[in-house]
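Working through the structure, step by step
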Amino acid sequence: MSKCEQCIVRQFSSLKALNKEELLRMADCKTSYTIKKGEPIFEEGETVNGVYCIKEGVCKMTKLSDNGKDQIVKLVKSGELLGQRSMISDEPANLSAVALEDMEVCFIPRSEVMGFFNNNNQFSMNVMKTICDDLKDSDSHMVNMAQKTVKQRLADTLIYLEETFGVNEDKSLHIQLSREELAGMIGTATESCIRLLSELNKLGYIALTGKKITLLDKNKLKRLQ
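For the protein, the name recorded in an unreviewed UniProt entry is Crp/Fnr family transcriptional regulator, with Flavobacterium tibetense as its organism.

So, in structure tokens, the structure goes:
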């Protein structure tokens, strides 16, 4: 049995539509990498000639803004694929992917993936659905930025971080973003983000210990939304 057959990425991504023969072919042509925390998997503007399967770890997808800062557009966890849209549109990557913790990833060349795309209808439908879901998330994010207060957006993001990526043994959020990264995600200045975190801390909704954030009262945070 090929390792690809039991892989978490196969269970949760477009690859679940591949048959045994296709999985064996993919296993033969894939390249596996260890990406250290802080290292890029690929960078904005780079030609990504294939897709990356995230076997372990979490990365941030960022875009360089006009003021020269990297803004986090989304976070991607194990079980997901990177680079599907660039591969299909045949354009350079419009985002950078940077490891937030040590990661295990596999790279599958474009020629192989496009073969699956042309010969496996369910696989191509799955890829299209993933891209549509990304667009839907992007629309929702745009509406939230326009209609919710910064405090509501911060509460939303903290809950999302806990529910999507879990907590450490001490109950603090497993994914530790810098205050600047968190500010970028909610669309505010770093100083405002620090002030709001301090306010939520004083209210007893969260606890701050150095860089760590622990959610103490999710119900109250949700009611801010």
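1. Points about the UniProt feature "domain: HTH crp-type" (unreviewed entry) in the protein
With numbering matched to this structure, UniProt assigns "domain: HTH crp-type" (unreviewed entry) to residues 148-219. End C-alpha to end C-alpha, residues 148-219 measures 18 Å, and it is 54% helix and 11% strand.

2. Focus on the domain arrangement of the protein
Here the protein is described as being made up of domain 1 (4-120) and domain 2 (148-224). Summarising the inter-unit geometry, the C-alpha centres of domain 1 and domain 2 are found 28 Å apart. Counting each side, the surface lost to burial between domain 1 and domain 2 is near 880 Å², with a carbon and sulfur contribution of 64%. Linking domain 1 to domain 2 there are one salt bridge.

3. Digging into the sheet that holds strand 6 (residues 81-82)
Read across the open sheet, the four strands follow the order 1-8-3-6; overall the sheet is antiparallel. Both outer strands of the open sheet, strand 1 (31-35) and strand 6, are each paired with one neighbouring strand and no more. Where strand 3 (residues 50-56) lies against strand 6, two bridges are found, and the strand directions are antiparallel. Within the sheet, the bridge partner assigned to Y52 lies in strand 6 and is L82.

Reading guide: rules and limits
Residues numbered from 1 in each chain as written. Predicted model: local features only at pLDDT ≥ 70, side-chain atom pairs only at ≥ 80, totals over all residues. Heavy atoms only, no water. UniProt positions renumbered as here; feature names shortened; annotations may be inferred. Helix = DSSP H or I, 4+ residues; strand = E, 2+ residues; numbered from the N terminus. Domains from an automatic or database assignment. Buried area = accessible area lost by both parts, 1.4 Å probe. Salt bridge = Lys/Arg side-chain N within 4 Å of Asp/Glu carboxyl O. Pairing = 2+ DSSP bridges.

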